[in-house]
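So you can see what is in the structure, the chains are spelled out below.
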Amino acid sequence: MAEVPKKLTIPAEEHICSGHLACQGCGAVLAMRYALKALGPNTVYTVPACCWSVIDGPFPYTTLGVPLFHIAFEAAAASAAGLAAGLEMVGKEDVNVVAWAGDGGTADIGIQALSGAAERNDNIMYICYDNEAYMNTGVQRSSSTPWGAWTTTTPARHFKKRPKKNLVDIMVAHQIPYVATAAIAFPEDVLKKVNKAKQIKGTKYLQIFASCPPGWRMAPEYAVKSVRMAVNARVWPLLEVDNGVYTITRKPRKPLPVADYLRLQGRFSHLTEEQVEEIQQMVDHNWERLLFLEKSTHEMAGIPLEEKKKTKEPDK
Amino acid sequence: MTEKVEIRGARDMPPMAKSLGRMSWNKTGSWRNVTPVIDYDKCTSCMLCWKFCPDLAVTCADPPEIILEYCKGCGVCAEECPVDAIVMREGL
């Protein structure tokens, strides 16, 4: 084998192995891979029912190189809080305790445990990989499904008519030290945010946007491209909230039209042009709101707002 | 009469609670119906294929190689390659 190339932007060390049971082009695996690269081997995972409880493999085998605890759907944050407390009791305080749940296990079923842990400010990291529906059980609507999307429980004639639940603001309202969003198409950004979060004591919440080709009704090769388009079309803004101060970490200079992002996916194929325009307005409104929040929270905290450096890579 | 089992470490655990190893025995290459082929004349070793492979089926080496044992043929590498050095060929 030739030697490791020198110009890598993310560490070469892997903590997951090939042979896992994910579908072709799975975004959740990429999210786990990047998160573990940042967390390192000194980590304990607790995983409720979600895609990852299947991807990890049948019982005596495992895909991860770290201990993983399978737990009931609603108990991800509660079990993580317990693990953190237990590890503290035996004097192991340098272990990263991570609750790793899908968007259904975070926004719908697990939210009370998450809210409880966040209110107590337990020393855990909660990572939600958001693929915008219950993908593991066959694409059912979750409260994280966006407006206009098809799922098996919201068929095209009666598509979802409610917007996506804003979990970032729910977690910011708990006044926890660190909340961030990331996307699998920007691995360096994921690593930066997880690295930052693991230094902080208290509850950290990260939401990683991960594609699901079967659930989004698209070809598996668009798994990364679609997520990059979501960020560049401002559908999924990358931001971090540090003690209540919002910072948008990626501001696309020339945002893509939302229609380009929607066109790639079969789950939006039923939308008419007016409905696409409606989504565009929602996205623009949300972006304006975030810009306002960024400006006002920086002013209140007395932190000067840094001008974003021009990104080297062009917006695709 | 059952006796109390004292668990001090992994050695004292009953066999059911032990992991038998990692999932590497599962050769997912058989899932594939299209196969990525790298054109090494075009390849610039930018490692984007390695970075975005969900199956960890690209070696982190210069130049990268596809591990066909595990490649599920999703085509992310071919889509992400900035110089179009990877094409998806029909069949295993």
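Residues numbered from 1 in each chain as written. Chains lettered and ligands numbered in written order. Predicted model: local features only at pLDDT ≥ 70, side-chain atom pairs only at ≥ 80, totals over all residues. Heavy atoms only, no water.

Draft legend 1. Main features of the overall build of chain B. Looking only at helices and strands, one finds two helices and three strands in chain B. Its helices and strands in sequence order give chain B the pattern β-β-α-α-β, from N to C terminus. For chain B, whose C-alpha radius of gyration is 21 Å, the value lies well above the compact-globule estimate of 12 Å for 92 residues. For chain B, the spread of C-alpha atoms along the three principal axes comes to 70 × 25 × 15 Å. (Helix = DSSP H or I, 4+ residues; strand = E, 2+ residues; numbered from the N terminus. Rg over C-alpha atoms; globule rule 2.2 N^0.38 Å.)

Draft legend 2. Molecular detail of the overall build of chain A. A tally of regular secondary structure across chain A gives 11 helices and nine strands. Taking 2.2 N^0.38 as the reference for a compact globule, 316 residues should give roughly 20 Å; the C-alpha atoms of chain A span a radius of gyration of 19 Å, in line with that estimate. When its C-alpha atoms are laid out on the principal axes, chain A stretches across 60 × 50 × 50 Å. When burial is assessed residue by residue, chain A has 56% of its 316 residues classed as buried. Considering only contacts within chain A whose residues lie at least 6 apart along the sequence, 69% involve residues at least 24 apart. Accessible area for chain A stands at about 13,700 Å²; split by element, carbon and sulfur atoms hold 56% of it. Counting 36 positive and 33 negative side-chain charges, chain A places the centres of these two groups 4 Å from one another. (Buried < 20%, exposed > 50% of the residue type's maximum accessible area, 1.4 Å probe, protein only. Contact = heavy atoms within 4.5 Å. Areas by Shrake-Rupley, 256 points an atom, 1.4 Å probe, with all protein chains shown as cover. Lys, Arg positive; Asp, Glu negative; His and termini not counted. Charge placed at Lys NZ, Arg CZ, Asp CG, Glu CD.)

Draft legend 3. Structural context of the interface of chain B and chain A. Each side of the interface is counted separately: chain B has 34 residues, and chain A has 50 residues. On inspection of chain B and its partner chain A, the count reaches three salt bridges. Secondary-structure elements contributing two or more residues to the side of chain B that touches chain A are strand S1 (21-22), helix H1 (48-51) and helix H2 (76-80) of chain B. Two strands pair when backbone bridges link them, and strand S2 (residues 61-62) of chain A and S1(B) are joined in this way by two bridges, in the parallel orientation. Within S1(B), the residue paired with Thr62(A) across the bridge is Arg22(B). (Salt bridge = Lys/Arg side-chain N within 4 Å of Asp/Glu carboxyl O. Pairing = 2+ DSSP bridges.)

Draft legend 4. Highlighting helix H3 (residues 76-89) of chain A. Residue and element names in this part refer to chain A. Taking 1.5 Å per residue as the helical rise, H3 with its 14 residues ought to reach 20 Å, and the 20 Å between its terminal C-alpha atoms agrees with that figure. All of the buried residues along H3 are Ala76, Ala77, Ser79, Ala80, Ala81, Ala84 and Leu87. In the core, the buried residues of H3 are packed alongside strand S1 (43-47), strand S3 (68-70), strand S4 (96-102), helix H5 (111-120) and strand S5 (125-130). Gly91 sits one or two positions beyond H3 and adopts a positive phi of about 80°. (Expected span 1.5 Å × (residues − 1).)

Keep in mind these numbers describe shape, not what the thing actually does.
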